[in-house]
Amino acid sequence: MDIEQLQKELTQYGQQHLLQFWSSLNPEEQEELYRDISELNVSEVTRFFADTKYSLKQQQGKLDDRLQPIPDEIHGSIVRTKPSILQEYENLGLEHIGSGKVAVLLLAGGQGTRLGVSFPKGMYDVGLPSGKTLYQLQAERIRRLEVLAQDKTGRQGSIPWYIMTSEHTKEPTLDFFKRHDYFGLKDENLIVFEQGMLPAFSFDGRIILEKKHKISKAPDGNGGLYRALKQKGILADLETRGIESIHVYCVDNILVKMADPVFIGYCLTKGVECGAKVVEKAFPTEAVGVVCKVDGSYQVVEYSEITLETAQKRKPDDGRLAFSAGSICNHYFTTNFIRRVVNHDEAKLKHHIAEKKITYVGENGDIVTPERPNGIKLEKFVFDVFQCARKFAVWEVLREDEFSPLKNADGAEKDTPTTARHALYSLHQRFILAAGGRFIDEAGTTIPLIPR
């Protein structure tokens, strides 16, 4: 260990405090800290911090004067499209799937902490009679879609499932799928990889120690996907398999349509390299990000960045909200677009700042648990790449059919296991009714329907 050289490098970037407890560490702890720092690109991460702080200063204030709604010609809607056209989209999507050109990519870095569990959220059972977890529901949908595509096209195309986990969720996820025999999927078509980590910073740019011999780190956000795709060899694997279209989504939506052939067919028809599936905002001030244009580029803008006046604007032709495209983290990318982002655009994307309460080591070496935010974590978002798209489109779907996130434990106002479970019950009830079925009890008496 060349501790003098390490001290010199840290001093160059104002991070020499990382070695302040060096003399009090035992040899094993010294080795761990040395490895922790050596694996860190100090020059790069301190630049990330400086660039992000500078960018934040430049962008303070509301964005109203810079916003434009999504143009109607690239804002498709399942409820405003003729059934015959929807069928054309679906057929095209199934052809693409049957040809083995479609992959699914799951963003599954989060643990179920807010649900009161310590395991990956995908392993959570919301209380369905079947006991199925989110992972199982999604795996079975992929398998069913493979069968539907084969029935339609006569070709047996596989849908590889890529799952991006965090440092803490990778091994439990792999073990879970192995124990359940991959829920009927081929094991070679389940590819689990880990997103990157970034150090936590104090407000003045000092990297935080969580222990005397350990740097505080956190996942680099779901936008860390693009760097991981290259570093973990996933882009190369996509290319080897001949994948042309990728469906990207978050783990916590119990209603997600895996590789939705209608959405894929719509994006293929439009000839876009990047697409966003959205739901219509329920009301102007709904706390959801909005897909729109900012200074001519497509972005997701947080609700807090828009004034009430702009949020309430309506279109003169139909009275719908002008900024109605609520983001649900459900996207379409071409492999060509991903390749360009990974090789050329990713490094230009700015990080976002999240102020957090971060446990740290005090000056006397004691562990301190703060009562209020004392530092920041840097992260990128998966939709940050919208601004890089040369051809982009939005596809609007019904919330009750396709979006019910699981974020909070029961007892919270929304997005709980109970709301997710009931959303799935309601969807399946509508499937049965649409097929001509009805619900009766043992005596043949009609059972009241679940309210929508």
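> Please set out the layout of surface pockets residue by residue, giving values where relevant.
It is a probe the size of a water molecule, rolled over the atoms, that shows where empty space is left. The space that makes up the second largest pocket amounts to roughly 970 Å³. Residue lining of the second largest pocket: 34 residues in total, with R141, K257, L427, H428 and F431 positioned closest to the centre. At the level of elements, α4 (83-98), α5 (134-153), α9 (261-270) and α13 (417-434) are the ones that each hand at least two residues to the lining of the second largest pocket. Among the elements that take part in the lining of the second largest pocket, α13 stands out by supplying seven residues, more than any other.

> Lay out unusual backbone geometry with the relevant residues and their values.
Even without a glycine there, the phi angle at D181 is positive, about 50°. Following the sequence through the fold, D181 ends up in the loop between α6 (170-179) and β5 (190-194). Backbone geometry places F183, a non-glycine residue, at a positive phi of 50°. Structurally, the position occupied by F183 is in the loop between α6 and β5.

> For the packing of α4 against α5, give the residues involved together with the corresponding values.
With their axes 8 Å apart at the nearest point, α4 and α5 run at an angle of 100° to one another. Compared by their axis directions, α4 and α5 come out roughly perpendicular. Contacts from N91, L94, E95, I97 and G98 of α4 reach α5 at L145, L148, A149, K152 and T153. The residue makeup of the contact of α4 with α5, split by class, is five nonpolar, three polar and two charged.

> Describe the packing of helix α8 (residues 234-241) against helix α11 (residues 335-345), and please don't skip the residues or the numbers.
For any two helices packed against each other, one specifies the inter-axial angle together with the distance between the axes. Following both chains from N to C, one finds α8 and α11 inclined at 155°, their axes separated by 11 Å at the closest point. Comparing the axis directions of α8 and α11 gives the class roughly antiparallel. Note that α8 runs across α11; the crossing there is left-handed. In this structure, α8 uses L235, L238 and E239 to contact α11, whose residues at the interface are T335, I338, R339 and V342. Grouping the constituent residues of the contact of α8 with α11 by class yields four nonpolar, one polar and two charged.

> Help me get a handle on the sheet that holds strand β7 (residues 201-202), residues and values and all.
The strand order β7-β19-β16 describes an open sheet built from three strands, whose pairing is antiparallel. With partners counted over all chains shown, the strands left at the sheet margins are β7 and β16 (352-356), one partner each. Bridge analysis of β7 against strand β19 (residues 375-379) gives two bridges, and the strand direction is antiparallel. Residue F201 lies in a different strand from β19, and its bridge partner there is I376.

Thresholds, definitions, all that
- Note that residues are indexed from 1 along each chain, following the sequence as it is written.
- In view of the model being predicted, local features appear only for residues whose pLDDT reaches at least 70, and side-chain atom pairs are presented and counted only at 80 or more, with totals across whole chains, interfaces and linings using the full set of residues.
- Only hydrogens and water are removed before side-chain values are computed, so all heavy atoms of the structure are retained for them.
- In the cavity and pocket records, a cavity denotes points on a 1 Å grid over the protein atoms alone where a 1.4 Å probe fits but cannot get out, a pocket denotes an open set with protein on both sides within 12 Å along at least 5 of 7 lines, and lining residues are residues with an atom within 4 Å of a point.
- Grid points are joined across faces, edges and corners, and a volume is the space filled by probe spheres set on the points.
- Numbered from the N terminus, helices here are DSSP runs of H or I no shorter than four residues, and strands are runs of E no shorter than two.
- Each axis is a line fitted through C-alpha atoms, and for a helix only the stretch in contact is used; angles between axes span 0 to 180 degrees, taken between their N-to-C directions.
- For classification purposes, angles smaller than 35 degrees are called roughly parallel, those larger than 145 roughly antiparallel, those between 65 and 115 roughly perpendicular, and all remaining angles oblique.
- Whether two residues touch is decided by their heavy atoms; if any such pair falls within 4.5 Å, the residues are in contact.
- When residue character is reported, Ala, Val, Leu, Ile, Met, Phe, Trp, Tyr, Cys and Pro are called nonpolar, Asp, Glu, Lys and Arg charged, and the others, Gly included, polar.
- Rotating anticlockwise by less than a right angle from the far helix to the near helix defines a left-handed crossing, while the corresponding clockwise rotation defines a right-handed one.
- Two strands are said to pair when DSSP picks up at least two bridges between them.

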